Amino acid sequence: MTDPATPNKLPVMIGIGEFHVGTEPMMAIGLGSCIGLTIYDKDRHIGAMVHIMLPDSSGRSDRPGKYADTAIPLLLAKLTEAGCHKASLVAKMAGGACMFEYFGNNLNIGERNAQQVRAILAANHLRLAAEEVGGKAGRTVSFFPGESGKVTVRSADGAAHEI
Amino acid sequence: MKLSSVQMDAMQELGNIGAAHAATTLSQMLSSPVEMSVPRITVVDISQLADHMGEESAAFVVFELQGEIPHGGYIIFYISKKSAVHLTNTMLGLTDPDRPLNEMDESALIEVGNIMASAFLDATAELLGFIMLPSPPALTIDMAHAAIQTLVAQMQEEINEVLLFSTELVCEEHKVDSDIIMLPESTTLTTLIERLENLMKSGP
C-alpha cells in the first residue's frame, strides 16, 4: 500500500505538449529547444507547468500545450478556473537551447520559442520573474508549488540550481 | 502515418541491410566483432518520448537526410557517453575509462558517425535505387531526450508521433553499445515504402 501523504512522491512528469495544474511537484526532463514554462500563484500556492515545443499553432487546437501561443492562454484559463487572480501570478521559463549549430541557421526554434513566450506573457500582462534560455545544453526543469513556487534547472552533468 | 505489418517488416528488412553494413564498418574500425540487434521500429507519441530517450548523457552525431528529398529527416549515430569514451579510447590508443571527452574525441566520434551513416545510406541506396545523402554532421554530447526533442521540433511536418527506427550495435570486447536511429519525414517514409513494395512485387 502506498501512503497518499508520503512526502517523497514522484513529481508529475510533463511530456512534450502536456501541462498540469496543481500543488504537487512537476518536472519536464531533457528540454532542448522546448520551453518548460511555470506559472505560480503566490497567494493561493497553486502552480501550472507546460512543455512547449513550437512557437505558433497556426490555428491548430488538438494539442494546445504544444505551442506557445495556445499554451499560455490555456494555463491562464485553468488557473483562473482554480480561483487565481492574474495580479498574483508569476511566470518562469527555461529551455530554448540550440543544440545543433549546423542545423540552427534558418530555424533556431529554441530562440523563437523563447521570444514567443515572452511576447505572449507580455500580451497577457503576466510577469516573467526569471528565465534561463538559450545556450547549447539541454535542461531538466523541476517546479515545486509547495515550496513557494521554487523552480530548479539541472544540466546533463547533474548540477542543479534555482532560478 | 500508419504502417501495415507488411510495411513494418519491409522497413525492418531495410534497416537490417543498412545496419549490417554499418556494423561491418564499425567492426573493421575496432578490429573486433560487432553484434547487431534486429531493427526496432517504434511509433512514439511525442509526449511519451522521454520514456524512450531519457536524461542520460549521450553523444549524438546527426545528419540531415538530403538527396532526392531535400529535407528527408535525420539519421543519427547514438552512443552513450560511457561507451563513447570506450570507443574513442580504442581508436586513440588510450586506456582511462573515466576521463572527460575532449575535442579529439569529438572529431573521432564525428568520423565514426560519418562512416556509419554513409555505410547505412549506401546500402539502402543500392537496394532501392533511392539516394539519401548525409548532410555535414552536427554533434552534441548531452541529455538524450533534449537532443532528440530538438530534432523532432525541427522536422518539416507538424507531427505528434515519431517513427523511431533503431538498431543496436554492440562490441563486447570494447564495451561499446551504440545505436543507429533514423527519423524519417513522412515523405521519405512514403517513398521508401513504395520502393520496397515495388521491389517485393518484382520478386527474385
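Residues numbered from 1 in each chain as written. Chains lettered and ligands numbered in written order. Predicted model: local features only at pLDDT ≥ 70, side-chain atom pairs only at ≥ 80, totals over all residues. Heavy atoms only, no water.

1. Observations concerning the confidence of the model for chain B
Residues and elements named next belong to chain B.
So, step 1. Confidence in the prediction of chain B, expressed as mean pLDDT, is 89, and 99% of residues score 70 or more.
So, step 2. Predicted confidence in chain B is weakest over helix H6 (residues 186-202), with a mean pLDDT of 85, and strongest over strand S6 (residues 138-143), with 94.
So, step 3. In the predicted assembly, ipTM is 0.89 and pTM is 0.90. (pLDDT = per-residue confidence, 0-100. Helix = DSSP H or I, 4+ residues; strand = E, 2+ residues; numbered from the N terminus.)

2. Notes on the environment of Ala125 of chain B
Residues and elements named next belong to chain B.
So, step 1. Tracing the backbone shows Ala125 in helix H4 (residues 103-128).
So, step 2. Ala125 sits 107 residues away from Gly18 along the chain, and the two C-alpha atoms are 9.2 Å apart.
So, step 3. Excluding residues that lie within four positions of it along the chain, Ala125 makes contacts with Phe130 and Ile131. (Contact = heavy atoms within 4.5 Å.)

3. Focus on the interface of chain A and chain B
So, step 1. With 30 residues of chain A in contact, the opposing surface of chain B contributes 35 residues.
So, step 2. Together chain A and chain B conceal approximately 2,600 Å² of surface at their shared face, both sides included; 60% is due to carbon and sulfur atoms.
So, step 3. Where chain A packs against chain B, one counts two salt bridges.
So, step 4. Linking chain A with chain B are 15 residue pairs in polar contact (both at pLDDT 80 or more), by the criterion used here.
So, step 5. Put simply, the parts of the chain that give the side of chain A that touches chain B at least two residues each are strand S3 (26-31) and strand S8 (139-144) of chain A.
So, step 6. Top element by residues in the side of chain A that touches chain B is S3 of chain A. It accounts for three residues.
So, step 7. For the side of chain A that touches chain B, a count of residues per class yields 15 nonpolar, eight polar and seven charged. (Buried area = accessible area lost by both parts, 1.4 Å probe. Salt bridge = Lys/Arg side-chain N within 4 Å of Asp/Glu carboxyl O. Polar contact = N/O pair within 3.5 Å; in protein donor to acceptor, adjacent residues only side chain to side chain. Nonpolar A, V, L, I, M, F, W, Y, C, P; charged D, E, K, R; others polar.)

4. Thoughts on the confidence of the model for chain A
So, step 1. On average, residues of chain A score 91 in pLDDT, and 92% of them are at 70 or above.
So, step 2. Throughout residues 1-6 of chain A the model reports pLDDT below 50, and contacts reaching past four residues in sequence, or to other chains, amount to zero contacts.

5. Details of the packing of aromatic side chains
So, step 1. Summed over the entire model, instances satisfying the criterion amount to one aromatic pair over all chains.
So, step 2. Their ring planes at 80° and their centres at 5.3 Å tell us that Phe60 of chain B and Tyr78 of chain B sit as a pair that is edge-to-face. Of this pair, Phe60 of chain B sits in strand S3 (residues 57-67) while Tyr78 of chain B sits in strand S4 (residues 73-80), and the two are 18 residues apart along the sequence. Tyr78 of chain B carries the same exposure label as Phe60 of chain B, and that label is buried.
So, step 3. When the ring centre of Phe144 of chain A is taken as reference, the NZ or CZ atom of Lys150 of chain A above it lies at 5.2 Å. (Phe/Tyr/Trp six-rings, centres within 6.5 Å; stacked < 30°, edge-to-face > 60°. Buried < 20%, exposed > 50% of the residue type's maximum accessible area, 1.4 Å probe, protein only. Lys NZ or Arg CZ within 6 Å of the ring centre and 35° of its normal.)

6. Re the packing of helix H3 (residues 81-92) of chain B against H4 of chain B
A pair of packed helices is characterised by two quantities: the angle between their axes and the separation of those axes.
Residues and elements named next belong to chain B.
So, step 1. Here H3 crosses H4 at 95°, and the two axes come no closer than 10 Å. On the basis of the axis angle, H3 is roughly perpendicular to H4. Between H3, through Ala84, Leu87, Thr88, Met91 and Leu92, and H4, the contact on the second element is made entirely by Met104, Asp105, Ala108, Leu109 and Val112.
So, step 2. By residue class, the composition of the contact of H3 with H4 is eight nonpolar, one polar and one charged. (Axes fitted to C-alpha atoms, helices over the stretch in contact; angles between N-to-C directions. Parallel < 35°, antiparallel > 145°, perpendicular 65-115°, else oblique.)

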